[in-house]
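This is what each chain is made of:
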Amino acid sequence: MKFSVVISTYNRLNLLKRAIDSARNQTIECEVVVADDCSSDDTQTYLKSLGDKVVYHRNEVNLGHAATVNAGVAKASGDWIKFLDDDDYLAPNCIEEMIKAIALRPDAVISSCVAAQVDGNKVELSRTPQVGPGLAFYIPQADIHYGMLLELVPFGTPVQVASRRDAFLQTGGWDSTLDANCDDIDSWIRIAQFGDAIFLNQCLAYRTVWPGAYNQKFSLPRRLATNILMKEKIYALVDEQHRSKIPHFQDIKNYLKLHWTLVALKQKNLKSFLSMIDPSILSPQSWKFLLTAASSRRSQGNNSQIRKLVLIES
């Protein structure tokens, strides 16, 4: 099994160097592919200086985040793709631990792990919650979208996720119309149609929280609208065996409105708060869903609602 780490970058050379080092210093050797969205800084000069230590692709013109990821995957030769944005980095044993878990579940097409959120000085701020039992477990394909809909199995951001290359290619890659506004989540939704999922309850990735992050350029109302779109896509893919157990979509939509309205309030973003506030957020079902989601995140992985959660490593 061969892994390729695909790093997308644009004008962030200092951060990119850290991401590349984290990929090159893995305990198991892997291919490192850097897809450059036509950076105007010294990125090209630096990458050419690395020679054959990395596979380098440079867009002829600026194409955006999603198209750059697709270009990187096209250049990769691995069976599995480990996604990585240039401002994030991997633990040294990330690829090794993923390979161990995947080897036990050959039908898996997507894998995720716990990530630490760090500031610009690499100081840990928080961690994403564990999901499910043990150090690693898998969810059969028929249960994945049900779990995603109820926020029991969040795959997370690119730094947490790897996917089988053939499954990625079957989906047509990342959607440029989304471009850094859930283009990753949209991809996970579609990849999950082709096989099982694996989660590793180990911190194997580090996500930098800073004002320059891609998603910070989108307004909260726009992020709300895209989140609703993602839930619509997931809702349509929930397996028939779970249909009787899922909420009405309007209740899910109202919950998302409530969630993002509270985010705006927490950020003291009055303009966004006023534009998103809606009588529907007062519905009891919205608050019930919010509290259930929060409880699930605090439970550190006791996902009893996933019928076939299967331990693969103790």
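Reference entry: report on the structure contained in this document. (Residues numbered from 1 in each chain as written. Predicted model: local features only at pLDDT ≥ 70, side-chain atom pairs only at ≥ 80, totals over all residues. Heavy atoms only, no water.)

Another aspect to go through is the overall build of the protein chain. Across its full length, the protein chain holds 11 helices and 11 strands. In summary, the protein chain has a C-alpha radius of gyration of 19 Å against a globular reference of 20 Å for 314 residues, a match within 12%. In terms of overall dimensions, the protein chain has a C-alpha envelope of 60 × 45 × 35 Å along the principal axes. Long-range pairs, those at least 24 residues apart, make up 79% of the contacts in the protein chain with a sequence separation of at least 6. Just so you have it, the protein chain exposes about 13,800 Å², and 52% of that area is on carbon and sulfur atoms. (Helix = DSSP H or I, 4+ residues; strand = E, 2+ residues; numbered from the N terminus. Rg over C-alpha atoms; globule rule 2.2 N^0.38 Å. Contact = heavy atoms within 4.5 Å. Areas by Shrake-Rupley, 256 points an atom, 1.4 Å probe, with all protein chains shown as cover.)

On to the packing of aromatic side chains. Within this structure, the stated rule accounts for 9 aromatic pairs. Where F83 meets W188, the ring centres are 5.3 Å apart and the plane angle is 50 degrees; that geometry is what we call tilted. Residue F83 is located in strand β4 (residues 80–85), and its partner W188 is located in helix α7 (residues 183–191); the two are separated by 105 residues in the primary sequence. Residue classification places W188 among the buried residues on the basis of a relative accessible area of 0%. Taken together, F83, F168, W174 and W188 form an aromatic cluster joined through their ring pairs. Looking at R243, its charged tip hangs above the ring of Y235, at a distance of 5.4 Å from the centre. Directly above the aromatic system of Y146 lies the positively charged group of K245, at a separation of 5.3 Å from the ring centroid. (Phe/Tyr/Trp six-rings, centres within 6.5 Å; stacked < 30°, edge-to-face > 60°. Buried < 20%, exposed > 50% of the residue type's maximum accessible area, 1.4 Å probe, protein only. Lys NZ or Arg CZ within 6 Å of the ring centre and 35° of its normal.)

This paragraph deals with the environment of P211. Along the polypeptide, P211 turns up in the loop between β10 (196–208) and α8 (220–237). Given a relative accessible area of 77%, P211 falls into the exposed group.

A few words on the packing of helix α5 (residues 141–149) against α8. Two packed helices can be described by the angle between their axes and the distance between those axes. Axis separation between α5 and α8 bottoms out at 9 Å; the angle between their running directions is 145 degrees. As α5 runs across α8, the sense of the crossing is left-handed. Residue-level contacts link H145, M148 and L149 of α5 to K231, I234, Y235 and L237 of α8. (Axes fitted to C-alpha atoms, helices over the stretch in contact; angles between N-to-C directions. Left-handed = near helix turned anticlockwise from the far one by under 90°.)

Turning to empty space enclosed by the protein, a few remarks are in order. Applying the stated criterion across every chain, the model contains 2 cavities of 30 Å³ or more. Quantified by volume, the second largest cavity comes out at close to 40 Å³. In this structure, the second largest cavity is lined by V6, S8, H65, V69, F83, L84, D85, P158 and W174. Those elements giving two or more residues to the lining of the second largest cavity turn out to be β1 (3–9), α3 (65–75) and β4. The element that contributes the greatest number of residues to the lining of the second largest cavity is β4, accounting for 3 residues. Looking at the lining of the second largest cavity, its residues break down into 6 nonpolar, 2 polar and 1 charged. (1 Å grid on protein atoms, 1.4 Å probe; cavity = no way out; pocket = protein on both sides within 12 Å on 5 of 7 lines; lining within 4 Å. Points joined across faces, edges and corners; volume = space filled by probe spheres on them. Nonpolar A, V, L, I, M, F, W, Y, C, P; charged D, E, K, R; others polar.)

The next thing to look at is unusual backbone geometry. Even without being glycine, C38 reaches a positive phi, approximately 60 degrees. When you line up the elements, C38 lands in the loop between β2 (31–36) and α2 (43–49).

Further remarks concern α5. Where burial is concerned, most of α5 is hidden: 7 out of the 9 residues are buried. Those residues of α5 that sit buried are D143, I144, H145, Y146, G147, M148 and L149. Looking at the residues trailing α5, positive phi occurs at E151, about 60 degrees.

Our focus in this paragraph is the pairing of strand β7 (residues 124–127). Alignment of strand β6 (residues 108–118) against β7, held across 3 bridges, turns out to be antiparallel. Considered in β7, the bridge of Q117 is made with S126. In this antiparallel pair of consecutive strands, β6 and β7, the connection spans 5 residues, and K122 shows a positive phi of 70 degrees. (Pairing = 2+ DSSP bridges.)

The residue Q202 is located in strand β10 in this model. The exposure class of Q202 is buried, given its relative accessible area of 16%. Residues contacting Q202, with those up to four places away along its chain left out, are E97, C113, V114 and L135.

Right, let's get into the pattern of salt bridges. Summed over all chains, the structure comprises 11 salt bridges. Among the salt bridges present, the one from D278 reaches K257, with a minimum N-O distance of 3.8 Å. Here D278 is found in the loop between α10 (270–276) and α11 (284–298), whereas its partner K257 is found in helix α9 (residues 249–266), with 21 residues between them in sequence. In this structure K257 comes out as buried when scored by relative accessible area, which is 17%. Several salt bridges converge on common partners, so that one network encompasses R12, D86 and D87. (Salt bridge = Lys/Arg side-chain N within 4 Å of Asp/Glu carboxyl O.)

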